[in-house]
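Structural characterization, general
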Amino acid sequence: MSREQLVRIARRNLAHTAAGTQDQADGVVQVPVTNYFDEDRWREEMEKVFGRLPVVVAASCELAAPNSYIAGEVAGTPFLVTRGDDGELRGFYNMCSHRGAIVTEPGTGSARRHTCPYHAWSYDSRGRLAGVMDADDFGDIDRDCLGLTPLSVAERAGLVWLYRTSNPLVDIDTFLCGYDEMLAHHRFDQCHVVGRQVIAGPNWKVAYDGYLDFYHLPILHKDTFGPEMSTKANYDAWGPHQRVTSPGRGWERIVDVDESEWDDSHLIGGVWTIFPHVSIAAFDDGRMYMVSMLYPGDDPGSSFTTQMFLHSGPAPVDADDIASEADYVKKRMEFNHHVVKDEDYFTGLRIQRALRSGGKQFNLFGRNEGGGQRFHGFLDTLLATPDDELSSLFKSLHD
Ligand code: FES
Ligand SMILES: [Fe+2]
């Protein structure tokens, strides 16, 4: 089923490649510039988008072992996701039951106990309160009620999603609209994580617009990877999740090959986005993946992007292999940091300032920018959807 979809998309790209064309949206769409900086709009997005939908925080491969964990922050919520000693993945507020300190320093690792740095209360890998210093001073407190506060988590296609609630309004499969089957072709669960870096950026939508946009590639990125890129893009959607492919690029390996012999690895190119905040790109024939996770900052004008790098296959054990992988990873991470910080977000931060200046009322998304059109259109629909209709909204988008 998912391979059939990949083949259909490849055929369409090959037809466009031969004709020198791309998909076209029905018309040009205007997006009010206030959407990018209005405080009320931003608060609504925090509540109705990031408050109700799951966000990617990790790869399954780094949370495979019992007691492994990741701690961080999403849109103001400090979180801890741990694989319990019983093998179950759980999410929590990373916040102490005593007086609210951050229990575990942001990062990844392995711990049987998470001990608060303030007064040493400790929690086990299932989030249960395991130790209270000078417990007599707290009398008869009910330890069973003083574990870490739970948040829902889900794993699909080798990625880990976190909800900022323990009672989701939309379950992960309804939310993903079958997209996880497509993402599974990348085999993220068989990769290993080789690095993370964080880049400050503009409003999360200014940043996200860029990930859906191939139109700018040869222009803005003319000094880096742009000269080898095309401006053309085709968009395929599973609900609000979109894959962006480029006719004329990456398909040359199958153009003269019979369909029955098309290899899956040749059919999964392009950029794979996950609504509302992830973009996944492959490098060097799938040797390396960069999973860019955009998180809103503390105000409408800021965001933070965590670039998580996955190297295909198991981690090397031989010293030479370790050294050569480290060398490759360092170069790839530095290059991608430079491109996104000094080209994309440099431009995005200036856009952010200009949008507030009052010089224009609307941004335009052309017929060649159907992905951006769908993103902003769905966002408007989502904001207008009450809680009790959220699940139905996503179900209505399933095939
Ligand atoms: S705040 Fe954590 S032990 Fe006091
Ligand atoms: Fe870019």
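Before any of the text, the structure's been laid out above.
This brings us to the packing of helix α2 (residues 39–50) against helix α8 (residues 370–383). It is at 10 Å that the axes of α2 and α8 come closest, and there the two elements cross at 80 degrees. Taken together, the axes of α2 and α8 are roughly perpendicular relative to one another. On α8, the residues that touch R41, E44, E45, K48 and V49 of α2 are L379, D380, L382 and L383. Across the contact of α2 with α8, the residue classes break down as four nonpolar, no polar and five charged.

Our focus in this paragraph is α2. Helix length check: α2, at 12 residues, gives a terminal C-alpha distance of 15 Å against a target of 16 Å (1.5 Å per residue), a fit within 8%. Taken together, the buried positions of α2 are R41, W42, E45, M46, V49 and F50. Buried residues of α2 fall within an arc of 145 degrees about the axis and therefore sit on the same side. Those residues of α2 that are exposed and angled more than 90 degrees off the buried face are D40 and E47. Those residues of α2 hidden inside the fold are in contact with β2 (55–59), α5 (204–211), β18 (288–296) and α8. Where α2 begins, one side-chain oxygen reaches toward the backbone nitrogen of D40, 3.2 Å away; that side chain belongs to D38.

Now for the side chain of S292. Following the sequence through the fold, S292 ends up in strand β18. Judged by relative accessible area, which is 1%, S292 ranks as buried. Those residues in contact with S292 that lie beyond four places of it in its chain are Y211, H277, V278, S279, T305, T306 and Q307.

The rules behind the values
- Residues numbered from 1 in each chain as written.
- Chains lettered and ligands numbered in written order.
- Predicted model: local features only at pLDDT ≥ 70, side-chain atom pairs only at ≥ 80, totals over all residues.
- Heavy atoms only, no water.
- Axes fitted to C-alpha atoms, helices over the stretch in contact; angles between N-to-C directions.
- Helix = DSSP H or I, 4+ residues; strand = E, 2+ residues; numbered from the N terminus.
- Parallel < 35°, antiparallel > 145°, perpendicular 65-115°, else oblique.
- Contact = heavy atoms within 4.5 Å.
- Nonpolar A, V, L, I, M, F, W, Y, C, P; charged D, E, K, R; others polar.
- Expected span 1.5 Å × (residues − 1).
- Buried < 20%, exposed > 50% of the residue type's maximum accessible area, 1.4 Å probe, protein only.
- Arc of directions from axis to C-beta.
- Polar contact = N/O pair within 3.5 Å; in protein donor to acceptor, adjacent residues only side chain to side chain.

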